[in-house]
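Each chain is listed here by its residues.
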Amino acid sequence: MSGPSFHRRSGGIVAALAALCLASPGEAEDDPPLPGRSVGMPERIEVILPGPELEAVPRDDRETPIVLRVVRVDPHGSRRRYELEFLGLEPGEYDLTDYLRRKDRSSTADLAPIPVSIRSVLPPGQVEPNAPSRRPTPRPWGYRALVLAVAILWLAGLAYLLFGGRRRRVSASPVAVRPRTLAERLRPLVEGASRGDLDPAGRAELERLLIGYWRRRAGLEGIDPARAVAILREHDEAGPVFRSLEDWLHRPPGPSQENIDIIELLKPYRDLPADTLEPVGSPDAAGKGA
Amino acid sequence: MTSADPNAAPAPDPRSSVPPGTAEFIRRIRERVGTVVVGQDVVVERTLVALFTGGHLLLQGVPGLAKTLLVSVLAKTIDLDFRRIQFTVDLLPSDIVGSEILDQRTNEFRTHRGPIFTNLLLADEINRAAPKVQSALLEAMQERKVTIGNDTYTLPAPFLVIATQNPVEQSGTFELPEAQLDRFMLCHRLQYPSKAEEKEVLRRNAALGIRREDKGAIARTEFDVLEKEPVGSVEDLVQAMEAVQLVHVSETFTDHVVEVVDRTRNHPDLELGCSPRAGIALIKGARARALIHGRNFVIPEDLFALAEDVILHRMRLNYEALADGRTGPEVLREILEPFGAASRNGRAPARVS
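Residues numbered from 1 in each chain as written. Chains lettered and ligands numbered in written order. Predicted model: local features only at pLDDT ≥ 70, side-chain atom pairs only at ≥ 80, totals over all residues. Heavy atoms only, no water.

Asks: Which parts of the structure should I look at to understand the overall build of chain B?
Replies: Within chain B, the regular secondary structure consists of 13 helices and 13 strands. Contacts in chain B between residues far apart in sequence, at least 24 positions, make up 76% of those at least 6 positions apart. Of the roughly 16300 Å² of accessible surface on chain B, 51% is carried by carbon and sulfur atoms. (Helix = DSSP H or I, 4+ residues; strand = E, 2+ residues; numbered from the N terminus. Contact = heavy atoms within 4.5 Å. Areas by Shrake-Rupley, 256 points an atom, 1.4 Å probe, with all protein chains shown as cover.)

Quick look at the structure:
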C-alpha cells in the first residue's frame, strides 16, 4: 500500500515527510515529528493520495476534535495532490483520514494514515472551570413560538390602527337611535307655531325642515341650495308658502305680517303621514327636542 | 314652476323698500360693468357685497378670467382711487406701505406713501409674495392703518383690498395661512364663462381693432374701451353702505347662521371650523346681497348663496377626510343640507346639538 506524502505550508516550513509516500508503519521510527500545532491554531499540509477524489466529512457535532477543510485538489499523475487545512480543538494525535471521505462514497480503507499531533500549550494539571451549574431559564414554547406571538401582536396593533378608529367613528355617530321622521319633527313645531309660542330657534328649525321637505318633494336635492331656494320661491305650490314664511319670519315687523294666517299656512304639514319622504337622517335624531 | 337663478341680475322686490337712489346706483354699476365684462354676474355681485360692507375679497381663478379688468372697471365706475400691485417674491413691505426717504436738500426724512393709500387695491397673485409682505398687507387690511417710521397713518375710506390667487402653479408661492385667510370676508372661486358668454367675449374682442400711437399702432384691449365717466360717486357708495346697515336681519336668520357655523365646528370631517368672524361676515354679506337684490330684509337664500364664499376658506378638512378623498365643497354641501342628512356615500351626518 502506498502511503501519503505531505509537507507543511504554514510558516514557510516545508515538512515533507516522505518524498512520495511509500511510507509504512515500520518506518515510523525514522519519521520526522508529526505535523500539527497547538490547539486552535490552523495548519496546512499537502498530501498525495490515491483513488477517487476525497472531501472533508462535514462536521455536524461539537464533539469532533478536528476541524478539517480541503483547500485545493490538483491531479498528480494517477493520484491527487490535496492541500488540507486542519485545526485541532483537543490535544492529542489524530489520523486525518478519519475525517475524509470519497466523493463517490467508496471506501477509504486503502488510504494510509495521515497522523497529526495537536499539542496543548497549557502546563499539565491545568484546572478546568466547572461546568455551569445553572442553565438559562427555558422559554415556555421556544423561540419560534415567541416570534410568532410577537408577530400576531404586531399585526393586531396594525389592524386596530387601520380599522379601529373608523369603526369607532361610525359607532359614535347617532345611528343607534331610529331617526325621527319628518312628520314627527314637524308636528311639535307646527303646533307650537299655531299656538304662537314657538321660540326663534324653533321657527328657524321649522323653516329648515320645510325647505328640506320641499327640496325633496320638488326633486331639487342635487342642485345648489341657493338655486333650489330661489326656484322654490317661484314654485307654483311651494312659492306661496315660502313667500308667506319670509313675510312671517324675515320681513321687518309691519302690517304685512298681520295678514298671515299661520295656522292655515302650516295646516298641510300638521298631520303629514309618518312615512312622508322618509327616512331622513336627522342630525338631531339622537334625542334633541324640536 | 319657473326657473330662477339666484345669481342673475335681480329684479327689485316690489314688497321691499330699498332707497331708490341706491337701487339705481347698483343698476348702473352692473350695467357699466356688463359693457366690458361678459358674464361673471356672481363675481360682480360679490365685489359689490365686499364694497358695500367694507370687507375684503379674495378671488381665486386661473389667469385670463378678467379679474383685473373687473376691478379696474369697478374703480372707474364709482370714481374710486385704484392701485394695482403685482406681488412677486422679491417684494418688500415698504414697497406696499411706503417708507421714509432722506431729503438731501433739507437733510430731513420725508414720508413716501406706498400704493396701499388708495380706495381700491388690487393685490395680484398675493401668494407669490413672501410671508412678511403678506403680513404687512393683511395687518393693514385688518386695522386700516399703517405705520411708516414712527408715524401711523390711517388709510383712506373706503378701503377695499381685492386680492387674486392662481390655484395652479403652486411652485414658488407662499400659501396664505388660515389666520390670514380669515381676514378676507369673501373668497370667491371664479369659473370659466359659459359657451355663450365665451362666444360673446370673442365677438367683442374681435371688434376692438387697433389704436394708432406715435408713428405706429397697437392692438386695442378691453382696458382701452373703459368708459372714463363714472356712474356713481363715493357719496353714492356711502349711501349704499348706509342702506346695507338698514337691511333687517331677523332672529330666525341669525339662528340659521349660528346653526351653520356651529355645524362646521362639529362636523366629523373638519379639523378647523369657522370662527365667529365667519358668522359676522355671513350676516354682513347677506345684508348687502339682500340690498343688491332689492330687498330690505335677508332670507335663507342669501345665506346659501354666500356660504361657499364665506365659509369654505375658513374651514379645513381633517386627515381622515382627506385620505377618504373628501373635498371642502362636498362637506359644505352636507352642512347646508337643511336636514343635515347623510351624504351620498352614506357617511354619518353632522351632529348638531
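Once the structure has been displayed, the description carries forward.
Asks: In this structure, what is going on with the overall build of chain A? I would like to understand it.
Replies: Secondary structure summary: chain A contains seven helices and eight strands in total. Split into buried and exposed, the 290 residues of chain A put 36% on the buried side. Considering only contacts in chain A between residues 6 or more positions apart, those separated by 24 or more positions represent 65%. Of the roughly 17600 Å² that chain A leaves accessible, carbon and sulfur atoms contribute 55%. (Buried < 20%, exposed > 50% of the residue type's maximum accessible area, 1.4 Å probe, protein only.)

Asks: So what exactly am I meant to see when it comes to a nonpolar patch on the surface here?
Replies: Nonpolar side chains collect at one region of the surface, where Trp154, Leu155, Leu158, Leu162 and Phe163 of chain A lie side by side and expose about 540 Å² of accessible area between them. Here Leu155 of chain A lies in helix H1 (residues 142-172). (Patch = residues over 30% accessible without salt bridge, like charges linked within 9 Å, V, L, I, M, F, W, Y side chains within 5 Å. Salt bridge = Lys/Arg side-chain N within 4 Å of Asp/Glu carboxyl O.)

Asks: What exactly am I supposed to notice about the nonpolar core here?
Replies: Generally speaking, a soluble globular protein has its nonpolar side chains buried in company with each other. Ranked by internal contacts, the top residues of the largest apolar core, which has 101 residues, are Leu186, Leu206 and Tyr269 of chain A together with Phe52 and Ile311 of chain B. Those residues in contact with Leu186 of chain A, other than ones at most four positions away along the chain, are Leu206, Leu209, Leu210, Tyr269 and Leu272 of chain A. Counting residues in hydrophobic clusters, the runner-up holds 28 residues, among them Leu91, Val97, Leu137 and Leu155 of chain B. (Core = buried A, V, L, I, M, F, W, Y, C linked by side-chain atoms within 4.5 Å.)

Asks: It is not clear to me how helix H1 (residues 20-36) of chain B should be interpreted in this structure. Could you clarify?
Replies: Every α-helical turn comprises 3.6 residues, leaving residues that sit three or four positions apart pointing alike. All names here are of chain B. Under the 1.5 Å per step criterion, the end-to-end length of H1 is 25 Å for 17 residues, consistent within 8% with the ideal 24 Å. For H1, the complete set of buried residues consists of Thr22, Phe25, Ile26, Ile29, Arg30, Arg32, Val33 and Val36. The buried residues of H1 occupy an angular sector of 165 degrees when the element is viewed end-on, so they sit on one face. (Expected span 1.5 Å × (residues − 1). Arc of directions from axis to C-beta.)

Asks: What's the story with the sheet that holds strand S1 (residues 57-60) of chain B in this structure? I'm lost.
Replies: Strand pairing within a sheet occurs via backbone hydrogen bonds; the two strands may be parallel or antiparallel. Residues and elements named next belong to chain B. Pairing is parallel in the open sheet, where five strands are placed in the order S2-S5-S8-S1-S9. Across the chains shown, the open sheet's two edge strands, defined by having one partner strand only, are strand S2 (82-86) and strand S9 (186-189). Put simply, the sheet's adjacent strands are angled 15 degrees from each other on average, direction ignored. Here helix H2 (residues 41-53) sits on the sheet in contact with S1, strand S8 (160-165) and S9, set at roughly 170 degrees to S9. (Pairing = 2+ DSSP bridges. Axes fitted to C-alpha atoms, helices over the stretch in contact; angles between N-to-C directions.)

Asks: Help me out: how do you make sense of the packing of aromatic side chains in this one?
Replies: To describe a pair of aromatic rings, you give the distance between the ring centres and the angle between the ring planes. Residues and elements named next belong to chain B. Counted according to the given criterion, the structure contains three aromatic pairs over all chains. Relative to Phe52, the ring of Phe25 lies with its centre 6.4 Å away and its plane at 35 degrees, an arrangement referred to as tilted. Residue Phe25 is located in helix H1, and its partner Phe52 is located in helix H2; the two are separated by 27 residues in the primary sequence. Taking the relative accessible area as the measure of exposure, Phe25 reaches 1% and is therefore buried. In this structure Phe52 comes out as buried when scored by relative accessible area, which is 1%. Ring geometry for Phe117 against Tyr153: centres 6.2 Å apart, planes inclined by 85 degrees, an arrangement best described as edge-to-face. Of this pair, Phe117 sits in the loop between strand S4 (108-113) and strand S5 (120-124) while Tyr153 is found in strand S7 (residues 151-154), placing the two residues 36 residues apart along the sequence. Each member of the pair Phe117 and Tyr153 is classed as buried. The cationic tip of Arg113 hangs over the ring face of Phe117; the distance from NZ or CZ to the ring centre is 4.9 Å. (Phe/Tyr/Trp six-rings, centres within 6.5 Å; stacked < 30°, edge-to-face > 60°. Lys NZ or Arg CZ within 6 Å of the ring centre and 35° of its normal.)

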